[in-house]
Amino acid sequence: MTKHEELLHMLLNAEGEFVSGEEISRNLSISRTAVWKHVNKLRDMGYEFEAVSRKGYRLVTKPDSINATALQLALETTVFGRKAIILNSTLSTQGDVQHLAEQGQGEGAVVLAEEQTGGRGRFGRKWYSPPGRGIWMSVLMRPELALQNTPQLTLLTGVAVCRAIRSYTGADAGIKWPNDLLIDGRKVCGILLESTVEDHELRYCIAGIGVDVNFDPQDYPEDLISIATSLKMETGQTVDRTKLAAAILSELERLYFLYQKEGFGVISSLWEALSVSMNREIKVANPQGIIEGTAVGLDPSGALILEKKNGVRVSVYSGEVSLVN
């Protein structure tokens with residue numbers, strides 16, 4: 001941890017109270033002049049301070065942008081997010097992480113962007129990713145995994161993001177198979193998992209995560225306002241995007257390591273507990289047609305098991321899911 005990161009950590013822990021220059025100097029083993037220089041470095045990063053003689057420094061406001069230093073301080077990981085690139089604007093974080101992967105970047109690397117100009121969802125749909133309103137990020141995974149089991153990572157990522165949102169914001173998010181997070185029937189998050197294969201073997205996966213965090217109703221285009229929602233709209237509070245991103249990455253790493261150790265069963269159980277699809281009548285549209293039935297669970301591959309009205313059970317591996325009731 002650098003000195004200005006240690007200083008930021010001290011001031012954040014003070015929770016708005018003053019910290020004396022003498023205390024900072026002693027704890028960081030630097031001169032009072034160096035303290036002033038590190039405070040100015042944090043000011044350049046968008047932090048604002050009140051400095052009072054004989055009282056010291058007090059953190060007044062934090063930058064609204066996702067901050068690299070604050071992200072590292074908030075992470076509870078050993079791998080995920082420790083290599084993090086934060087961009088003001090990009091076409092797609094998926095493409096950025098793919099470029100890193102092809103250069104040999106290690107597992108857990110993440111790209112976050114304030115804005116995506118060409119964000120992608122499932123089936124090639126555009127993902128609305130305006131500046132300063134959401135978490136638009138992609139994470140590199142290099143699992144030793146059979147190719148047919150890669151859909152399990154989509155479900156794992158959904159569980160991780162859902163758990164992080166619920167624990168950090170209190171919002172009652174749930175998962176609609178396979179990769180949408182809903183609150184009261186409206187979409188708050190989408191997940192896109194893309195895999196790169198060579199000679200029938202998995203080389204790496206990229207988990208794209210898009211969370212609508214601090215949108216107000218007027219921020220949505222007309223075609224989305226009735227089907228989308230944000231964490232701010234649901235909780236009535238502005239959410240710290242940096243801390244939420246750290247919470248997501250921390251939960252993702254915990255579940256990813258658990259999955260590698262214990263297999264898909266534990267993830268499947270967590271997913272079913274958080275799902276808004278379970279025991280509901282649903283309709284799945286895919287290239288083979290439309291299948292209707294009651295969602296009764298996941299099969300070992302991560303496919304959704306539907307029980308049709310005639311009692312026959314079928315596994316659905318892909319498609320557009322809608323809740324019938």
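Conventions used here
- Residues numbered from 1 in each chain as written.
- Predicted model: local features only at pLDDT ≥ 70, side-chain atom pairs only at ≥ 80, totals over all residues.
- Heavy atoms only, no water.
- UniProt positions renumbered as here; feature names shortened; annotations may be inferred.
- Helix = DSSP H or I, 4+ residues; strand = E, 2+ residues; numbered from the N terminus.
- Buried < 20%, exposed > 50% of the residue type's maximum accessible area, 1.4 Å probe, protein only.
- Arc of directions from axis to C-beta.
- Contact = heavy atoms within 4.5 Å.
- Polar contact = N/O pair within 3.5 Å; in protein donor to acceptor, adjacent residues only side chain to side chain.
- Pairing = 2+ DSSP bridges.
- Phe/Tyr/Trp six-rings, centres within 6.5 Å; stacked < 30°, edge-to-face > 60°.
- Salt bridge = Lys/Arg side-chain N within 4 Å of Asp/Glu carboxyl O.
- Domains from an automatic or database assignment.
- Axes fitted to C-alpha atoms, helices over the stretch in contact; angles between N-to-C directions.

- As recorded in an unreviewed UniProt entry, the chain goes by the name Bifunctional ligase/repressor BirA, listed as coming from Paenibacillus pabuli.
- Turning to the chain, the UniProt annotation filed under Sequence similarities (unreviewed entry) states: "Belongs to the biotin--protein ligase family."
- As recorded by UniProt, the Catalytic activity (unreviewed entry) comment attached to the chain reads in full: "biotin + L-lysyl-[protein] + ATP = N(6)-biotinyl-L-lysyl-[protein] + AMP + diphosphate + H(+)".

Focus: the UniProt feature "DNA-binding region" (unreviewed entry) in the chain
- Per the UniProt record, the feature "DNA-binding region" (unreviewed entry) sits at residues 21-40.
- For residues 21-40, helix accounts for 85% and strand for 0%, while the C-alpha atoms at its two ends are 13 Å apart.

Here's the deal with helix 2 (residues 21-28)
- All of the buried residues along helix 2 are G21, I24, S25 and L28. The buried residues of helix 2 occupy an angular sector of 100° when projected down its axis, which confines them to one face. Facing away from the buried side of helix 2 by more than 90 degrees, the exposed set consists of E22 and R26.
- On its buried face, helix 2 sits against helix 1 (3-13), helix 3 (32-44) and strand 2 (56-61).

As for the side chain of D180
- Checked against the element boundaries, D180 lands in strand 7 (residues 180-183).
- Within the local environment of D180, its side chain forms a polar contact with the side chain of K187, the two groups lying 3.0 Å apart.

Looking at the pairing of strand 9 (residues 201-212)
- Taken across its 12 residues, strand 9 has 10 buried, putting it largely inside the fold.
- Bridge count between strand 8 (residues 186-198) and strand 9: 10 bridges; the pairing is antiparallel. Across the sheet, the residue bridging to L193 is A207, located in strand 9.
- Hairpin geometry of strand 8 and strand 9 is characterised by an intervening segment of 2 residues between the two adjacent antiparallel strands and by a positive phi of about 55° at D199.

Some words on the environment of T93
- Within the secondary structure layout, T93 lies in helix 5 (residues 93-102).
- Remark: the alpha-carbon pair of T93 and S269, spanning 176 residues in sequence, is separated by 30 Å.
- Residues within four places of T93 in sequence aside, it is in contact with V111, L112, A113, Q116, W136, M137 and S138.

Section: the packing of aromatic side chains
- Enumeration over the complete set of coordinates arrives at 6 aromatic pairs.
- Aromatic pair Y256 and F257: ring centres 6.1 Å apart, planes at 45°, arrangement tilted.
- A residue is classified by how much of its surface remains accessible, and Y256, at 0% relative accessible area, is buried.
- The exposure class assigned to F257 is partly exposed, which follows from its relative accessible area of 33%.
- Grouping aromatic residues by their ring pairs yields a cluster made of Y128, W136, F215 and Y220.

Considerations on the pattern of salt bridges
- With the rule as written, the count across this model stands at 13 salt bridges.
- The salt bridge involving R163 is made with E251; its shortest N-O contact spans 2.6 Å. On the criterion of sequence distance, the pair formed by R163 in helix 6 (residues 151-169) and E251 in helix 8 (residues 241-262) is long-range, its members being 88 residues apart.
- Taking the relative accessible area as the measure of exposure, R163 reaches 33% and is therefore partly exposed.
- Accessibility expressed as a relative area gives 9% for E251, which makes it buried.
- We note a salt bridge from D216 to K232, for which the minimum N-O separation is 3.2 Å. Here D216 is found in the loop between strand 9 and helix 7 (231-235), whereas its partner K232 is found in helix 7, with 16 residues between them in sequence.
- Where salt bridges share partners, they join E76, R163, E251 and R254 into one cluster.

Things to note about the domain arrangement of the chain
- Structurally, the chain comprises domain 1 (3-61), domain 2 (68-274) and domain 3 (280-323).
- With centres defined by C-alpha atoms, the gap from domain 1 to domain 3 works out at 56 Å.

Some thoughts on the sheet that holds strand 13 (residues 313-316)
- Ordered by their spatial adjacency, 5 strands build an open sheet running 13-12-11-10-14, and the pairing between neighbours is antiparallel. Strands with a single pairing partner mark the edges of an open sheet, and in this sheet they are strand 13 and strand 14 (320-323). Pairs of neighbouring strands in the sheet enclose a mean axial angle of 45°, with direction left out of account.
- Note that strand 12 (residues 304-307) and strand 13 share 4 bridges and pair antiparallel. Bridge pairing in strand 13 places L306 opposite V314.
- Along the sheet face, helix 9 (residues 264-274) touches strand 11 (289-298) and strand 12 and points at about 105° away from the line of strand 11.

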